[in-house]
Amino acid sequence: MLPHAADSISRDGKSLILAYDHGLEHGPVDFEPNPATADPERLFELATHDAVTALAVQKGIAEAYYPDYEDDVNLLLKLNGTSNLWMGEPDSPVNCSAEYAAGLGADAIGFTLYGGSNHEVEMAEEFREAQETAREHEMGVVMWSYPRGQGVKNDTKPDTISYAARLGLELGADLVKVKYPGSAAAMGEAVRMAGPTEVVMSGGTMRDDAAFLRNVSEAIEAGARGLAVGRNVFQRDEPERILDALEAVVFEEADPEAALAA
Ligand code: FBP
């Protein structure tokens, strides 16, 4: 039995990953609602909040900022990622090796797999290499499991998300990040398919506080072990406030309304 590699980016078996790869994945448009968040330093500061168990960034941002935060922030280094300028079949070039991530002091690696894309075969082979190297360096392995491409008509339908979660288990991820499949029952099924691989919910586009927290709470009740969230934290005017509430909902399983009122 492998050691629980995800411990390095979890707290009491739960994870709240602050995702900040949007400058690559979506471009500057994601920083418009809260312009201060274009500065990576702002996100490293946010990641020192007690609620945050890891910050997910790309190599360039880690190289420039992580040395000042290595005592206070757990680093989840995203190894692949693609820009919104790419118009082809979903794919994600490997921008950093797992070996290099270990050298930067990463606690875990993150890797996107677009199951169903015409590039799934190469992406799975690249994941294999990254996953095995992460094991050698005792880094956790987080899969962004996002089925999409010509073969995928609806990327959040329950069967698709259960399959996405199962890919995490089959290919050796410690945590698998999936989109919410629309209901607690469907999330519970995805969790069941993932077995010992922990399922974390993807944050998605900005929603109001109450709707977002209710959704997170539902996912946790269904067995999800936390979330990996970007826009629903950093696009807010007061990101610390939502992190306080998320801490209560994720780690203390507090009622979402009570968490907001506190
Ligand atoms: P959000 O919480 O902002 O959705 O971030 C999660 C994430 O997986 C990011 O890591 C990534 O940049 C983005 O979503 C990708 O979103 P999509 O490919 O669905 O546009």
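Everything below is about the structure printed above this text.
Quick summary incoming for the structure in this document. Just so it is clear, the model here is predicted, and its values are computed rather than measured. (Residues numbered from 1 in each chain as written. Predicted model: local features only at pLDDT ≥ 70, side-chain atom pairs only at ≥ 80, totals over all residues. Heavy atoms only, no water.)

Let's shift gears to the side chain of Asn232. Note that Asn232 resides in helix H9 (residues 231-234). There is a polar contact of 3.0 Å between the side chain of Asn232 and the backbone nitrogen of Arg207. When sequence neighbours within four positions are dropped, the list of residues in contact with Asn232 reads Gly203, Gly204, Thr205, Met206, Arg207, Phe212 and Ile242. (Helix = DSSP H or I, 4+ residues; strand = E, 2+ residues; numbered from the N terminus. Polar contact = N/O pair within 3.5 Å; in protein donor to acceptor, adjacent residues only side chain to side chain. Contact = heavy atoms within 4.5 Å.)

Moving on to the site of the ligand. Not every one of the 17 residues close to the ligand is listed here, only the nearest: His26, Tyr146, Lys177, Lys179 and Arg231. One nitrogen or oxygen atom from the side chain of Lys179 is found 2.6 Å from an oxygen atom belonging to the ligand. At a separation of 2.8 Å, an oxygen atom of the ligand approaches a polar backbone atom of Gly230. Considering the ligand on its own, with 470 Å² of exposed area, one finds that the protein chains cover 91% of that surface. Listing elements by their share of the shell around the ligand, those giving two or more residues are helix H1 (22-25) and strand S8 (226-229). Each residue belonging to the shell around the ligand can be placed in one class, and the counts come to 5 nonpolar, 6 polar and 6 charged. (Near = heavy atom within 4 Å. Areas by Shrake-Rupley, 256 points an atom, 1.4 Å probe, with all protein chains shown as cover. Nonpolar A, V, L, I, M, F, W, Y, C, P; charged D, E, K, R; others polar.)

Let us now look at the pattern of salt bridges. Following the criterion strictly, the structure yields 12 salt bridges and no others. Of the charged contacts in the structure, one is a salt bridge between Asp174 and Arg135, with a shortest N-O distance of 3.2 Å. Of the two residues, Asp174 sits in the loop between helix H6 (158-171) and strand S6 (175-178) while Arg135 sits in helix H5 (residues 120-136), which places them 39 residues apart along the sequence. Overall, the relative accessible area of 12% leaves Asp174 in the buried class. Residue classification places Arg135 among the partly exposed positions, given a relative accessible area of 21%. The salt bridge involving Arg192 is made with Glu189; its shortest N-O contact spans 2.9 Å. Of the two residues, Arg192 and Glu189 are both situated in helix H7 (residues 184-194); the distance of 3 residues between them amounts to about one turn of the helix. Note on Glu189: relative accessible area 31%, which makes it partly exposed. Ionic contacts of the salt-bridge type, sharing partners, join the residues Asp209, Arg236 and Arg241 into one network. (Salt bridge = Lys/Arg side-chain N within 4 Å of Asp/Glu carboxyl O. Buried < 20%, exposed > 50% of the residue type's maximum accessible area, 1.4 Å probe, protein only.)

Among all positions in H7, only Ala186, Met187, Ala190, Val191 and Ala194 are buried. Looking straight down H7, one finds its buried side chains confined to an arc of 145 degrees; they lie on one side. Pointing more than 90 degrees away from the buried face of H7 are the exposed residues Ala185 and Arg192. Of the surrounding secondary structure, the elements contacted by the buried residues of H7 are H6, S6, strand S7 (198-202) and helix H8 (209-221). Positive phi appears at Gly195, one or two residues downstream of H7, with a value of about 55 degrees. (Arc of directions from axis to C-beta.)

Take the pairing of strand S4 (residues 108-113) next. The side chains of a regular strand alternate between both faces of the sheet. Burial analysis of S4 places 6 of its 6 residues in the buried class, the great majority of the element. With burial as the criterion, each face of S4 is covered, one bearing Ala108, Gly110 and Thr112 and the other bearing Ile109, Phe111 and Leu113. Judged from the 3 bridges that link them, strand S3 (residues 75-78) and S4 form a sheet pairing that is parallel. Note that in S4 the partner of Leu77 across the bridge is Ile109. A crossover links S3 with its parallel partner S4, the connecting element being helix H4 (residues 98-104), and its sense is right-handed. Here 6 bridges tie S4 to strand S5 (residues 140-145), and the two strands are oriented parallel to one another. Bridge pairing in S5 links Gly110 to Val142. Note that the unit made of S4, H5 and S5 has a crossover that is right-handed. (Pairing = 2+ DSSP bridges. Right-handed = clockwise from strand over helix to strand, strands pointing away.)

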